[in-house]
Amino acid sequence: MYEQISRNKWKSAGLVAFFVVFIFVLVWFFEYVTGWGKGGLVLAVLVAMGSAAVGYYSSDKIVLGISRARPVSKDEFPYLYNVVEGLAIAAGIPAPKCYVIDDTAPNAFAAGRKPETAVICVTTGLLEKLNRVELEGVIAHEMSHIKNYDVRLQTLVVVMAGVVALLSDWMLRSFMWGGGGRRRGRSRSGSGGAEGLLVLAGLALAVLSPLVATIIQLAVSRKREFLADASGAMLTRYPAGLASALRKISADAEPLEAANKATAHLYIVNPLKNLKGGGGVNRLFSTHPPIEERIAALEKM
Amino acid sequence: MGAFVLLLVIVAAAALIAVGMYNALVTLRNRCDNAWSQIDVQLRRRYDLIPNLVETVKGYAKHESGVFERVTQARTAAVNAQGVKAQGEADNVLTGALKSLFAVAEAYPELKANQNFLMLQEELAGTESKVAYARQFYNDTVMKFNMRQQIFPSNIIANMFGFKTREYFQIEDEVAKGPVKVQF
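The rules we used
Residues numbered from 1 in each chain as written. Chains lettered and ligands numbered in written order. Predicted model: local features only at pLDDT ≥ 70, side-chain atom pairs only at ≥ 80, totals over all residues. Helix = DSSP H or I, 4+ residues; strand = E, 2+ residues; numbered from the N terminus. Buried ≥ 20, exposed ≤ 12 C-beta atoms within 10 Å, placed from the backbone. Rg over C-alpha atoms; globule rule 2.2 N^0.38 Å. Contact = placed C-beta atoms within 7 Å. Nonpolar A, V, L, I, M, F, W, Y, C, P; charged D, E, K, R; others polar. Core = buried A, V, L, I, M, F, W, Y, C linked by C-beta atoms within 7 Å. Domains from an automatic or database assignment. Pairing = 2+ DSSP bridges. Expected span 1.5 Å × (residues − 1).

Draft legend 1. Looking closely at the overall build of chain A. Each helix and strand in chain A was counted, giving 11 helices and 4 strands. Projected onto its principal axes, the C-alpha coordinates of chain A cover approximately 75 × 35 × 35 Å. Residue burial in chain A is summarised as follows: out of 301 residues, 44% are buried.

Next up, the structure:
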């Protein structure tokens, strides 16, 4: 358990570090191609941060609104609240507020920027279909997302992906307009083939980098799912509970109507049910690791 | 002159690191205390629920006075228990007494349908698991605190200022290690 937790933490840190290096390489090419200098990077970071800040400060309200979740009191759902409060004690964070979606498809997600304002949302189907140990497993997974500040990390990654998208967009535009001043100036002085090769590499990078950024972003998301599974199991000290819950949730054929592509990555199991197995490309572009792999990791603990 | 400045910088950096380590130790010690009192909070809630439960069951099963007495006694003993070990033992007795109370309730279908009884039962189950989680969190915190005191280099600071390792909460009773099973 301890190894899985630290391994997943390192992996997501490694991915973020790789992302930073990737952005620097991109910026180098960007400067070279457009001749905008560091100003371009600063502008891109500001624009990406601006758009992500809106998401960061209102995402929880938007998500709860889109999913038609309603806040519930302890009198209404004592069972849910007892489980949530118990696991909050185990995690050492204040108990999050509980929301419920009236839908028979079992699923759950957590939202909120910091433990003090976090919420946990479950469907009524989850409460009906899981037993207490399984529910504890699911809530522990969500509690770990909150405790590990996953919303914050995800926002950071989204900002970086945004920076990449902007830079590559501007690079492509500058190619279309016949390149920036510096490149033209240099090629006149005639340093030949290496110059052309670099421009070609820059073009390839501009086209491919948004794709790479998306792949890294999703890889981070998958690592955080593994991490939340492992640290959730650490809270309940009973990985089999979550494993059995994951099996039940994924076996349930019903799709969750309230979820869409924009919110799917938040849920404990992809609610859109397009689980086509772990094939190469499919896997690169999924927000969650395959259920079988998550269960296998839990059973290894 | 250059060497003197360098020495000064090194000493200042070392002092800063030492302060950081000392503060981390103090923080962890306070967290241990807080985690410990969290267990008491949950235990207190559990004790507060029991009189209500006894009253509710009494309303349906008047003839089982022996069970009620045992639960009430065990509760009083647990409330008054002093020290970690005595507290743990008194708690085990109380858990056993509660088990027999629920076994009695089994024989009264109207009681089992009573909304108040069901709510108390859920509350009690929830509080019991909260007690367990609070103990687990206490042990997790103690582990972090003890580890800080043992690993280099913060063990130097810990020794210098006389920090003491804490004891883990342990349950000796084999039966109490498993989850409490209430049969219905």
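Now that the structure has been shown, the text picks up again.
Draft legend 2. How the structure looks around the overall build of chain B. When helices and strands are tallied, chain B shows 7 helices and 0 strands. The secondary structure elements of chain B, listed N-terminal to C-terminal, are α-α-α-α-α-α-α. By the compact-globule yardstick of 16 Å for 184 residues, chain B is too spread out, its C-alpha radius of gyration being 24 Å. Principal-axis analysis of the C-alpha atoms gives chain B an extent of 90 × 30 × 25 Å. Looking at chain B as a whole, 23% of its 184 residues qualify as buried. By sequence separation, contacts in chain B at least 24 residues apart represent 76% of the contacts at least 6 residues apart.

Draft legend 3. Up close: the interface of chain A and chain B. Every contact between the two is made by 10 residues of chain A and, on the other side, 11 residues of chain B. Along the lines of polarity and charge, the residues of the side of chain A that touches chain B split into 5 nonpolar, 3 polar and 2 charged.

Draft legend 4. Summary view of the nonpolar core. Residues and elements named next belong to chain A. The biggest cluster of nonpolar side chains holds 64 residues, and the ones touching the most others in it are Leu-87, Ala-108, Ala-111, Ile-120, Cys-121, Val-138 and Ile-139. Broken down by element, this core gets its largest block of residues, 8 residues, from helix H3 (residues 78-91). Setting aside residues no more than four positions away along its own chain, Ile-120 makes contact with Val-84, Pro-96, Cys-98, Ala-108, Ala-110, Ile-139 and Glu-142. Ranked by size, the runner-up nonpolar core spans 23 residues in total, among them Leu-26, Val-158, Ala-161 and Ala-206.

Draft legend 5. Focus on the domain arrangement of chain A. All names here are of chain A. Segmentation of chain A into domains returns domain 1 (2-56 + 164-207) and domain 2 (62-149 + 222-300). Each side of the interface is counted separately: domain 1 has 8 residues, and domain 2 has 9 residues. Partitioning the side of domain 1 that touches domain 2 into residue classes produces 3 nonpolar, 3 polar and 2 charged.

Draft legend 6. A look at the environment of Thr117(A). Residue and element names in this part refer to chain A. With respect to the element layout, Thr-117 can be found in the loop between strand E3 (108-111) and strand E4 (119-123). Given 13 C-beta atoms within a 10 Å radius, Thr-117 is considered partly exposed. Between the C-alpha atom of Thr-117 and that of Asp-60, which follows or precedes it by 57 residues, the distance is 9.7 Å.

Draft legend 7. The sheet that holds E3(A), seen in detail. Residues and elements named next belong to chain A. An order of E1-E2-E4-E3 is seen for the 4 strands of this open sheet, with the pairing classed as mixed. The strands lining the two open edges of the sheet, one partner per strand, are strand E1 (70-71) and E3. Here E3 runs beside E4; their pairing, made up of 4 bridges, is antiparallel. Counted as the bridge partner of Ala-108 is Val-122 from E4.

Draft legend 8. Representation of helix H1 (residues 2-58) of chain B. End to end, H1(B) covers 85 Å across 57 residues, agreeing with the expected 84 Å (1.5 Å per residue, within 8%). Of all the positions in H1(B), only Ala35(B), Gln38(B), Ile39(B), Gln42(B), Leu43(B), Arg46(B), Ile50(B), Leu53(B) and Val57(B) are classed as buried. Buried residues belonging to H1(B) abut H3 of chain A together with helix H2 (65-80), helix H3 (84-105), helix H4 (109-113) and helix H5 (115-150) of chain B.

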